[in-house]
Amino acid sequence: MSNTAPYPIVPELVAITIAYRNQSYIADQVLPRQVRLSTQEFRYWSYPIEETFALPDTRVGRKGRPNEVSLTATELTAKTDDYGLEDPIPQADIDNAPAGYSPVGRSVEQLTDYIMLDREKRVAELVFDPAQYPASNKVQLSGDDRWSAAASASDPIEDIVTGLDACLVRPNCIVMGQAVWTKLARHPKIMKAIHGTEGDTGIARRQQIADLFELEEVLIGQQWLNTAKKGQTASLSRVWGKHCLLFHRNRNADNRSGLTFGYTAEWGGRVAGQRSDPDIGLRGGVRVRVGESVKELIVAPRAAYLIQDAVS
């Protein structure tokens, strides 16, 4: 059977794009890919908070009937978005490549990295967007309240404990940018809580912070992003900025059941392919394309607590 697709799927390239990982990416841990779709458009249910925490009268008289309750839900519709890139590779580059080096394989790796970086930025912007949370589930620090003002009145323990208690479902994960982690891990009050009478200096490990606040995982966003326009001198900034989020992650939840702060819906998995292009250079070449169809969603904002501007 002939393969007539404009960009045939090449198994070897798919293997490269799926296997390629940069350890500094954490988007898949913050909003896990735990909804696999058969179509791009999908539905999920939203249940009213009033019903969830209501207390109906459950007592039943000896000959009476149980009280009735009317449960409701809102069906919401979403659709995955396509994200992809392609790279034209002259045939001359392929023919002149040294033994053991594949320009096509290298292209797949680099395109995959760009796509992952874009997803990292989307997830960071979504979960750190204060508009996503009710007033009771966020706080903005300023001045001496920021954790970078360690010698003043700043108290990250109080801020984090307040956030844990504010959520309707207790968070089991925390995510923050590297700049926040650098200050939190060395904060005197954190050191004192971990070391007790042994002093208030040092650097905390992630597991120590997780144990201190009874969390499953501490996630640190370390990735850099070049914000300069093409051709200009690089201007690097941290993707995850200076914020911190406590959130409840349930890897067994999906768009039908279970409660989790958020997730990523994915249609079809990541793909990679190539096709010939006679218009590349003198001898033609190939065009490599990598992409995926995903939708990042926050479905339970009251299961999270945002600490804005945790450091200056």
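First things first, this report covers the structure right here in the doc. Worth saying up front: this structure is predicted, and the values here are computed from it rather than measured.

1. What about the pairing of strand E13 (residues 304-308)?
- Within E13, five of the five residues are buried, leaving the element largely enclosed by the surrounding structure.
- Here E13 shows two buried faces, one formed by Ala304, Leu306 and Gln308 and the other by Tyr305 and Ile307.
- Two elements, strand E5 (residues 138-140) and E13, share three bridges in a ladder whose sense is parallel. Bridging from a neighbouring strand, lysine 138 pairs with leucine 306 of E13.

2. Let's talk about the sheet that holds strand E11 (residues 262-277)
- Strands sit in the order E1-E11-E12-E4 across an open sheet of four strands; the sheet is mixed. The open sheet terminates on both sides in strands that have one partner only, identified here as strand E1 (33-37) and strand E4 (81-90). The average angle at which neighbouring strand axes cross in this sheet is 30°, direction not considered.
- Where E11 meets strand E12 (residues 285-298), 13 bridges bridge the pair, whose relative direction is antiparallel. Opposite glycine 273, over in E12, you have arginine 289 as the bridge partner.
- Together, E1, E4, E11 and E12 form the strand contacts of helix H5 (residues 103-127), whose direction differs from that of E12 by roughly 20°.

3. A few points about the nonpolar core
- By size, the foremost hydrophobic cluster in this structure holds 26 residues, and its most contacted members are Trp147, Ile160, Ile174, Met176, Trp181, Val218 and Ile307.
- Listed by contribution, the elements that provide at least two residues to this core are helix H6 (156-166), strand E6 (173-177), helix H7 (178-184), helix H8 (188-195), helix H9 (206-212), strand E7 (217-221), strand E10 (244-247) and E13.
- Of all the elements, H7 adds the most residues to this core, at three residues.
- With 25 residues, the next largest nonpolar core counts Ala27, Val123, Trp240 and Leu306 among its residues.

4. Digging into the sheet that holds E6
- Judged by pairing direction, the sheet is mixed, and its five strands sit side by side in the order E5-E13-E10-E6-E7 without closing on themselves. Each of the sheet's edge strands pairs with one partner strand only, and the pair in question is E5 and E7. Each strand axis lies, on average, 10° off the axis of its neighbour in the sheet, ignoring direction.
- Sheet strands touched by H6: E6, E10 and E13. Its angle to E13, the strand with the most contacts, is close to 150°.

About the criteria used
- Residues numbered from 1 in each chain as written.
- Predicted model: local features only at pLDDT ≥ 70, side-chain atom pairs only at ≥ 80, totals over all residues.
- Heavy atoms only, no water.
- Buried < 20%, exposed > 50% of the residue type's maximum accessible area, 1.4 Å probe, protein only.
- Helix = DSSP H or I, 4+ residues; strand = E, 2+ residues; numbered from the N terminus.
- Pairing = 2+ DSSP bridges.
- Axes fitted to C-alpha atoms, helices over the stretch in contact; angles between N-to-C directions.
- Contact = heavy atoms within 4.5 Å.
- Core = buried A, V, L, I, M, F, W, Y, C linked by side-chain atoms within 4.5 Å.

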